[in-house]
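Structural features, examined
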Amino acid sequence: MKKTLLTGLLALAGLTAQAQLPAGSMAPDFTLTDINGVSHNLQSYLDDGKTVMIDVSATWCGPCWGLHEKHVMSDLYYSYGPGGSDEMVILFIEGDGSTTMADLNGETAASQGNWIANTPYPIIDDASLNTPYQVGGFPTMYRICSDGTAYNMPNLSNTTTATILPQILECNALTGLENHGKVYKGEVNLCEATGASDFGIEIKNYGTNAITSAQVSLMDGETVVATQDFSGNLAAYATGSVEFTDVTLDTSIDYTVQLTQINGEAPALPESSLNTNGVEIGLAGQADNNFIAVLVHTDNYAGEISWDIKDADGNVVANGGPYEAGTDDQWGGGGPDANTTKMHLVSIPEGTAECFTVNMYDSFNDGWQYGSTTHGLEVISNDVTVFSSIVSNFGGELSHQNAFKTNGVLSNNQLETSTFSVYPNPSNGVFNFSTEETVAVTVMDLTGKVVFTAEEINNGDTMNLSALQKGMYIAKISGASAERTEKLVIK
């Protein structure tokens, strides 16, 4: 796996590295309370014949986050935990005693991400297991058999659900469920508040048998709006897609999707929440005119990143990337375009008033996810964000249908080039104005922060931005009768 974060165990700060519990040792008993106030006693679970998995991690730990993002524990929870056959207990233990809820929510710079979102199993913020379980580094994972014996799970950098399950089955035989799956949330954007659109949803197999057919219904309350069938061959933990086409939707209605049949039968747990999920319906952002700015927030591998904007007929009206690759590693990491913002000013042809699709690409098929900055793409119109997509590992392509729409006007009474200019551009920070009317100027950096304003600028006046850092800025110039947007470069 390229650029993997799972390069080895991170040493636990302030704790001397120790050997793990010897294989087959009796697991020290514990009673711990999770972040929702629920108590968990190991011996009680063992008395019920459960296999118990504990994942001791830290929110700042890169290898821990890499393992967490593989969703191995979630897979086990939905198959054999309370979300499935209820033969297993999975516990996430935050092993750094200084961790806060803000860290767990991914709200601090030190945290690797939001550990709580989409985590169905209990999260316990308690470092008291570090000593009895000889936790010498993060992540540390144990399987505890129903007879109380504990076994450290090795090679976590290569762990997948498929590789870990045989080790777990060495403890106790697990029955699992047949015809058991999950339907994921649907997402769709409409060009207007009501209209026909296409959208896809995913189903995932958490059962012990393959899913060769399934039926998913789009629901408005108790009313079936549309039904689509899946056919294929989904092995355990594989995902497949179901496409709804030309379905009329209304942004005022709360739709759901329901997994109603698996292999011609009702799902194993008909009342389970796994069989029902919502449909998130968005509305295309309205640009003030056809002059937009596209901000691309790159990750550490800018040479893999590209994007385009397509009209309703699939024609490309704007595109960018790939950007300059670096030399930090064999995959082109780093470089001047890594972990930065690239800005593109785009003029969509005048008279084009329609919705546009934004497509994001990664040539290595692992999305935009590496580096400490936020990764994604924004479309700005007159200083207002009309489309934004913050991303991580989306694979090779992510498409946003009906991302934004224009009104067909190139700009709002745009100042003509013949009556206005700012020069030199690029410059060392001092810009001169040639204008036939008095104008006001607002200068913003690429995050949208206003860094300079000036009123009453006349022909021959200058603007000194030399105190700003080198780079690209956006200037909004407004006169009594018109306005325009300029890209300024300080070299």
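Before reading further, recall that the structure is shown in the block above.
What counts, and where the lines are drawn
Residues numbered from 1 in each chain as written. Predicted model: local features only at pLDDT ≥ 70, side-chain atom pairs only at ≥ 80, totals over all residues. Heavy atoms only, no water. Buried < 20%, exposed > 50% of the residue type's maximum accessible area, 1.4 Å probe, protein only. Helix = DSSP H or I, 4+ residues; strand = E, 2+ residues; numbered from the N terminus. Pairing = 2+ DSSP bridges. Core = buried A, V, L, I, M, F, W, Y, C linked by side-chain atoms within 4.5 Å. Contact = heavy atoms within 4.5 Å. Axes fitted to C-alpha atoms, helices over the stretch in contact; angles between N-to-C directions.

1. With respect to helix H2 (residues 62–69)
Most of H2 sits out of view: seven of its eight residues are buried. Of all the residues in H2, the buried ones are Gly 62, Pro 63, Cys 64, Trp 65, Gly 66, Leu 67 and His 68. Note on H2: the residue one or two positions beyond its end, His 71, has a positive phi of about 60 degrees.

2. A few points about the pairing of strand S25 (residues 376–381)
Here S25 lies mainly inside the structure; six of its six residues are buried. Covered by surrounding structure in S25 are Gly 376, Glu 378 and Ile 380 together with Leu 377, Val 379 and Ser 381, the residues of both alternating faces. Examined bridge by bridge, strand S20 (residues 291–297) and S25 share five bridges and lie antiparallel to one another. Bridge pairing in S25 links Val 294 to Val 379. Both S25 and strand S26 (residues 384–390) contribute to a ladder of six bridges, which runs antiparallel. Residue pairing in the sheet places Ser 381 in a bridge with Val 384 of S26.

3. Here's the deal with the nonpolar core
With 50 residues, the main nonpolar core has Met 53, Ile 54, Met 73, Leu 76, Tyr 133, Ile 144 and Ile 164 as its most contacted residues. Secondary-structure elements contributing two or more residues to this core are helix H1 (42–47), strand S5 (51–57), H2, helix H3 (72–80), strand S6 (88–94), strand S7 (123–125), strand S9 (140–144) and helix H5 (161–169). Apart from residues lying up to four places away in sequence, Ile 164 is in contact with Met 53, Val 72, Met 73, Leu 76, Met 141, Met 153 and Thr 159. Among the nonpolar cores identified, the runner-up in size contains 24 residues, and Ile 292, Val 294, Val 358 and Val 386 belong to it.

4. Notes on the sheet that holds S25
Strand-to-strand pairing in sheets goes through backbone hydrogen bonds, with the strands running parallel or antiparallel. The strand order across the open sheet formed by four strands is S23-S20-S25-S26, and the pairing between neighbours is antiparallel. Single-partner strands in this sheet number two, and they are strand S23 (341–347) and S26. Looking at each pair of strands side by side, their axes are set apart by 15 degrees on average, direction ignored. Inspection of the sheet shows S20 paired to S23 by seven bridges, in the antiparallel sense. Bridge pairing in S23 places Ile 292 opposite Val 346.

5. Considerations on unusual backbone geometry
The omega torsion of the bond from Phe 138 to Pro 139 falls at -10 degrees, within 30 degrees of zero and hence cis. With respect to the element layout, Pro 139 can be found in the loop between strand S8 (137–138) and S9. A cis amide bond, omega -15 degrees, links Tyr 423 with the succeeding residue Pro 424. With respect to the element layout, Pro 424 can be found in the loop between strand S28 (420–423) and strand S29 (430–435). Positive phi, close to 60 degrees, is recorded for Asn 118, a residue that is not glycine. Examined against the element boundaries, Asn 118 turns out to sit in the loop between helix H4 (101–104) and S7. Here Asn 118 falls in the exposed class, since its relative accessible area comes to 70%. Within the chain, Glu 456 stands out as a residue other than glycine whose phi angle is a positive 55 degrees.

Read these as layout, nothing more, since geometry by itself doesn't imply function.
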